[in-house]
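# Observations on chain architecture
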Amino acid sequence: MAARIIDGKAVAAAVRERVKVDVAAYVEEAGRVPGLATVLVGEDPASQVYVGMKRRNTEDVGMRSIHHEPEASIREEELLELVRELNEDDDVDGILVQLPLPAQISENAIVAAIDPRKDVDGLTPINAGLLAHGDPGLVPCTPSGVMELLAHEGVGLEGAEAVVVGRSKLVGVPVARLLLQANATVTVCHSRTRDLDATCRRADVLVAAVGVPRLLGKEAVKEGAIVIDVGVNRLEEGLVGDVDYEAAAEVAAAITPVPGGVGPMTIAMLLDNTLQAARMRTTSG
Ligand code: GUN
């Protein structure tokens, strides 16, 4: 039986609609428009596309997009100064520094300099720590997008076996924490995992976030599993995920396509985080 296709585009559109309504209510109540600052260093073509979409979507839901595009040769100290300026700017509710950054710049140093209240990527040590403790904070967008898709599909996570492939700060680790908070039994696999397929085959919910094209095939998917593919790998033939879609779809109950699965959710959740950051700043004075 062929798997159900999880339509991330449709779910993301619904989230954006909800955010748009909530933004209008916020503007009415607070008398100001939330602003998202994006920082794109250099001219990486993929990052240009992503940031362009983020900016367009920000404006589409009625928020302000503030954009900075320093040259790839910028020094770390200069970029830190820009982040500090955005931290101080009252018109800026969210700050997104698109990753990856050029080699001369420490990503950790830049991310750590972002005011946690404006950290709409949820990547600062403060927000990562809040998530680790299960306390409220700003949660990374792709992981919350994954959870939104699972909720939309009505996937019961209580006691479920969830396997996450990948342990990045941006996706693997935070999605594992969210699944754990939802009372799943969570296993995190990575490049040293001994028998990847056998571990993945335990999963009721399989989340792939490693960036290796079609790493997981039919042998990695349990009959009836829900497969969430976060991978976005650019091959000559086009974009492919970390999961071999055709093969996995033969056994899975439901699966996200690439593109059109998790990708659109990331931006939708970014908009949601920006509004949340604006609300937190306004109510905490
Ligand atoms: N690069 C790839 N994905 C992301 C993301 O979600 N946020 C940031 N800042 N950079 C990224």
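Structure's up top.
The notes below deal with the structure included here.

The next thing to look at is the packing of helix α2 (residues 45-60) against helix α10 (residues 263-283). One way to put it is that α2 packs onto α10 with a least axis distance of 10 Å and a crossing angle of 50 degrees. Considering their axes alone, α2 and α10 lie oblique with respect to each other. The handedness of the crossing between α2 and α10 is right-handed. Contacts between α2 and α10 involve Tyr50, Met53, Lys54, Asn57 and Thr58 on the former and, on the latter, Ile267, Leu270 and Leu271. Classifying every residue of the contact of α2 with α10 by side-chain character gives 5 nonpolar, 2 polar and 1 charged.

Take Thr124: it is sitting in the loop between α4 (107-113) and α5 (125-133). Residue class for Thr124 comes out buried when judged on its relative accessible area of 1%. A polar contact is formed between the side chain of Thr124 and the side chain of Asp119, at a distance of 2.7 Å. Setting aside anything within four residues of it in sequence, one finds Thr124 in contact with Val111, Ile114, Pro116 and Asp119.

All right, on to the sheet that holds strand β2 (residues 35-39) then. Judged by pairing direction, the sheet is parallel, and its 3 strands sit side by side in the order β3-β2-β4 without closing on themselves. Two strands bound the open sheet, and with one partner strand each, they are β3 (64-68) and β4 (94-97). With strand direction ignored, the average angle separating the axes of adjacent strands in the sheet is 20 degrees. Bridging between β2 and β3 involves 5 bridges; their strand directions are parallel. Bridge pairing in β3 places Gly35 opposite Arg64. In the packing of α2 onto the sheet, the strands contacted are β2, β3 and β4, and the crossing angle to β3 comes to about 155 degrees.

The next point concerns the pairing of strand β5 (residues 161-165). Most of β5 sits out of view: 4 of its 5 residues are buried. Where β5 and strand β6 (residues 185-189) come together, 5 bridges link them in parallel fashion. When the sheet's bridge partners are listed, Glu161 is paired in β6 with Thr185. For the crossover from β5 across helix α7 (residues 172-181) to β6, the handedness is right-handed. Bridging between β5 and strand β7 (residues 205-208) involves 4 bridges; their strand directions are parallel. In the sheet register, Val164 faces β7, and the bridge partner there is Val207.

Once that is clear, we can look at the site of the ligand. Within the structure, the ligand sits among Lys54, Leu96, Val97, Gln98, Leu99, Asp121 and Leu170. One of the side-chain N or O atoms of Gln98 is found 3.2 Å from a nitrogen atom in the ligand. At 2.5 Å, a side-chain N or O of Asp121 approaches a nitrogen atom of the ligand. A total of 280 Å² of accessible area belongs to the ligand in isolation, and the protein chains cover 82% of it.

Right, let's get into helix α6 (residues 141-152). In this model α6 runs 16 Å from its N-terminal to its C-terminal C-alpha over 12 residues, within 8% of the 16 Å that 1.5 Å per residue would give. Burial of α6 is extensive: 9 of the 12 residues sit out of reach of the surface. Of all the positions in α6, only Cys141, Thr142, Pro143, Ser144, Gly145, Val146, Met147, Leu149 and Leu150 are classed as buried. The inward-facing, buried residues of α6 contact α1 (8-30), α7, β7, β8 (226-229) and α10. Two residues or fewer past α6, Gly154 is found with a positive phi of approximately 70 degrees.

Moving on to the packing of α1 against α10. Taken N-terminus to C-terminus, the directions of α1 and α10 make an angle of 20 degrees; their axes are 8 Å apart at the nearest point. The orientation of α1 with respect to α10, classified from their angle, is roughly parallel. Pair α1 / α10 crosses with left-handed handedness. Where α1 approaches α10, its residues Gly8, Lys9, Val11, Ala12, Val15, Arg16, Arg18, Val19, Asp22, Val23, Tyr26 and Ala30 are matched on the opposing element by Pro264, Met265, Ala268, Met269, Leu271, Asp272, Leu275, Ala278, Arg279 and Thr282.

In this fold, Thr58 is placed in helix α2. With near-sequence residues (within four places) excluded, Thr58 lies in contact with Leu36, Met63, Arg64, Ser65 and Leu271.

Conventions adopted
- Residues numbered from 1 in each chain as written.
- Predicted model: local features only at pLDDT ≥ 70, side-chain atom pairs only at ≥ 80, totals over all residues.
- Heavy atoms only, no water.
- Axes fitted to C-alpha atoms, helices over the stretch in contact; angles between N-to-C directions.
- Helix = DSSP H or I, 4+ residues; strand = E, 2+ residues; numbered from the N terminus.
- Parallel < 35°, antiparallel > 145°, perpendicular 65-115°, else oblique.
- Left-handed = near helix turned anticlockwise from the far one by under 90°.
- Contact = heavy atoms within 4.5 Å.
- Nonpolar A, V, L, I, M, F, W, Y, C, P; charged D, E, K, R; others polar.
- Buried < 20%, exposed > 50% of the residue type's maximum accessible area, 1.4 Å probe, protein only.
- Polar contact = N/O pair within 3.5 Å; in protein donor to acceptor, adjacent residues only side chain to side chain.
- Pairing = 2+ DSSP bridges.
- Right-handed = clockwise from strand over helix to strand, strands pointing away.
- Near = heavy atom within 4 Å.
- Areas by Shrake-Rupley, 256 points an atom, 1.4 Å probe, with all protein chains shown as cover.
- Expected span 1.5 Å × (residues − 1).

Bear in mind that shape data such as this cannot, by itself, settle questions of function.
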